[in-house]
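Read off the chains here:
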Amino acid sequence: MIFRQLFEPESSTYTYLFGCEDTGLVVLLDPVIDTVERDLILLHELGLRLAYTLETHIHADHLSAARKLKHLVASKIAGPAMDELPCTDFGVSEDRPLAVGSLAFKPLFTPGHTDTHHSYLIGDGATKRVFTGDALLIDGCGRTDFQSGDAATLYRSIHEKIFTLPDDTLVYPAHDYNHHHVSTVAQERERNLRLGAGKTLADFVQIMANLNLPYPKKMDFAVPGNRKCGECPEETPEALRKLCNLSEQG
Ligand code: FE
């Protein structure tokens, strides 16, 4: 498998590229509309073709590149079936994995950050990687105070679906704000500041209730925009509208 971890600094989002060495087909996980041009240049350099974009959840902090990439390179759009988005070509669920060439994405239903959030488990020879979206972050987790978030639900998702994976499973989150790149299930289970070292459900709910996080600055347009796979709805600030222009790359 060809694998790259890519970073979008404004929203601190990690986008992941998975390439099948047999077919040259690629899946991009959580691509960001701001970095479409970068992603297309990388695909060109690698000599690969984008088959699918895939989402972990409906993001509130950035616009997805799914729709723009579909327009530019005819990729298909995949995401959780539970979201029931008309713009999605393939809805994934725990019973309905996504396979592209030799790439196999096993969806894990991990609600709590949002109520339809999914993580993805991917094997590559002896290496197992789990892409935890905004459920489990390195030394942290996604917020649970909006978008149907629920701290107790997130605690159960992480304990039942992520912490039960083999110790050496590599953990790749959708965001990092502190220059972490990758962790392991054992490391997060043992030392995650919010969930590790035996923190109880009550501990976690209390931690999450006292975070006092600011209101996400893009949420009012990103959520409705991402329910359309990355359109700019009317509430999008003028300066950002150009990102949705389908005739230009980037
Ligand atoms: Fe999120």
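Quick note: structure is the one above.
Described below are features of the structure shown in this document. The written sequence of each chain sets the order in which its residues are numbered from 1. Only residues with pLDDT of 70 or above have their local features reported here, since the model is predicted, and side-chain atom pairs are shown and tallied only from 80 upward, although totals for entire chains, interfaces and linings are computed over all residues. Hydrogen atoms and water are omitted, and side-chain values are computed over all heavy atoms in the structure.

## With respect to the packing of helix α3 (residues 151-162) against helix α5 (residues 201-209)
Interaxial distance between α3 and α5 falls to 9 Å at its minimum, and their mutual angle equals 130°. Regarding the angle of α3 to α5, the classification is oblique. With respect to the hand of their crossing, α3 and α5 are arranged in right-handed fashion. Between α3 and α5, the residues in contact are A151, A152, L154, Y155 and R156 and L201, F204, V205 and M208, respectively. Looking at the contact of α3 with α5 residue by residue, the class counts come to eight nonpolar, no polar and one charged. Here an angle of 0 to 180 degrees is reported between the N-to-C directions of two axes, which are lines fitted to C-alpha atoms, with helices fitted over the stretch in contact. Secondary structure counts use DSSP, requiring at least four H or I residues in a row for a helix and at least two E residues in a row for a strand, with both numbered from the N terminus. Throughout, the term roughly parallel applies to angles under 35 degrees, roughly antiparallel to angles over 145, roughly perpendicular to angles from 65 to 115, and oblique to all others. Each crossing gets its hand from how the near helix is turned against the far one by less than a right angle, where anticlockwise is left-handed and clockwise is right-handed. Throughout, a residue-residue contact means that at least one pair of heavy atoms, one from each residue, lies within 4.5 Å. Side-chain classes follow a simple rule in which Ala, Val, Leu, Ile, Met, Phe, Trp, Tyr, Cys and Pro form the nonpolar group, Asp, Glu, Lys and Arg form the charged group, and the remainder, Gly included, forms the polar group.

## Observations regarding the side chain of D134
The residue D134 is located in the loop between β10 (127-133) and β11 (136-137) in this model. Relative accessibility under 20% of the residue-type maximum defines a buried residue, over 50% an exposed one, and the middle range a partly exposed one, all with a 1.4 Å probe and only protein chains included. Within this scheme the basic residues Lys and Arg register as positive and the acidic residues Asp and Glu register as negative, but His and the chain ends are omitted. Here a salt bridge means any side-chain nitrogen of Lys or Arg lying within 4 Å of a carboxyl oxygen belonging to Asp or Glu. R143 provides the closest opposite charge to the buried, unpaired D134, separated from it by 8.7 Å. N or O atoms closer than or at 3.5 Å make up a polar contact, with two conditions inside protein: a donor-capable atom paired with an acceptor-capable one, and, for residues adjacent in sequence, both atoms drawn from side chains. Among the polar contacts listed, one links the side chain of D134 to the side chain of H175, at a separation of 3.3 Å.

## Examining the layout of surface pockets
The definitions used throughout rest on a 1 Å grid laid over the protein atoms alone, on which a cavity is an enclosed set of points accommodating a 1.4 Å probe that cannot get out and a pocket is an open set flanked by protein within 12 Å on both sides along at least five of seven lines; lining residues are those having an atom within 4 Å of a point. Grid points are joined across faces, edges and corners, and a volume is the space filled by probe spheres set on the points. Considering only enclosed or pocket space, the largest pocket measures out at about 670 Å³ in volume. Taken together, 28 residues make up the lining of the largest pocket; nearest its centre are S11, D61, R143, H175 and Y177. Taken together, the residues of the lining of the largest pocket sort by class into eleven nonpolar, eight polar and nine charged. For the domains described, the bounds stem from an automatic or database domain assignment. A domain split of the lining of the largest pocket shows at least three residues from each of domain 1 (1-98 + 219-250) and domain 2 (110-213).

## With respect to the sheet that holds strand β4 (residues 49-54)
Here six strands make up an open sheet; going across it, the order is β1-β2-β3-β4-β5-β6 and the pairing mixed. In this open sheet, the two edge strands, each paired with only one partner strand, are β1 (2-8) and β6 (90-92). Taking each pair of neighbouring strands and ignoring which way they run, the sheet shows an average axis angle of 25°. Sheet contacts for helix α1 (residues 36-46): β1, β2 (13-19), β3 (25-29) and β4; angle to β1, the most-contacted strand, approximately 160°. Should DSSP find at least two bridges between two strands, the strands are regarded as paired.

## Overview of the pairing of strand β8 (residues 103-109)
Note: strand β7 (residues 98-100) against β8, three bridges, orientation antiparallel. Note that in β8 the partner of L98 across the bridge is F105. Counting the residues between successive antiparallel strands, the hairpin from β7 to β8 contains two residues, one of them, G101, with a positive phi of roughly 55°. Sheet topology note: the β8/strand β9 (residues 118-124) ladder contains four bridges and is antiparallel. Bridge pairing in β9 places K106 opposite L121.

## Structural notes on the environment of N178
Inspection of the secondary structure puts N178 in the loop between β13 (170-173) and β14 (183-184). Accessibility expressed as a relative area gives 55% for N178, which makes it exposed. Taking the C-alpha atoms as reference, N178 lies 28 Å from T236; in sequence the two are 58 residues apart.

## Considering the nonpolar core
Among the buried residues, those of types Ala, Val, Leu, Ile, Met, Phe, Trp, Tyr and Cys that are joined through side-chain atoms within 4.5 Å form a nonpolar core. Core analysis: the largest hydrophobic core is formed by 22 residues, its most contacted members being F18, L54, L98 and F105. When contributions to this core are tallied by element, the ones reaching two or more residues are β2, β3, β4, β6, β7, β8 and β9. Viewed by domain, this core spans two of them, domain 1 (1-98 + 219-250) and domain 2 (110-213), each represented by three or more residues. Among all residues touching L54, those that are not within four sequence positions of it are V27, L28, L29, D30, P31, A78, G79, V92, L98, F105 and Y120.

## Focus on the pattern of salt bridges
Using the criterion set out here, one finds nine salt bridges in the structure. Here D39 ties to R38 by a salt bridge, and the two come within 2.9 Å at their closest N and O atoms. With relative accessibility at 26%, the residue R38 sits in the partly exposed group. Here R67 and E231 are joined by a salt bridge, their closest N and O atoms 3.5 Å apart.

## As for the side chain of E188
Its place among the elements puts E188 in helix α4 (residues 185-191). This buried residue, E188, is left without a salt bridge; R191 holds the nearest opposite charge, at 6.1 Å. Side-chain polar atoms of E188 contact the backbone nitrogen of D139, separated by 2.9 Å. Leaving out residues up to four positions away in the same chain, E188 has contacts with L136, L137, I138, D139, F163, S183 and G196.

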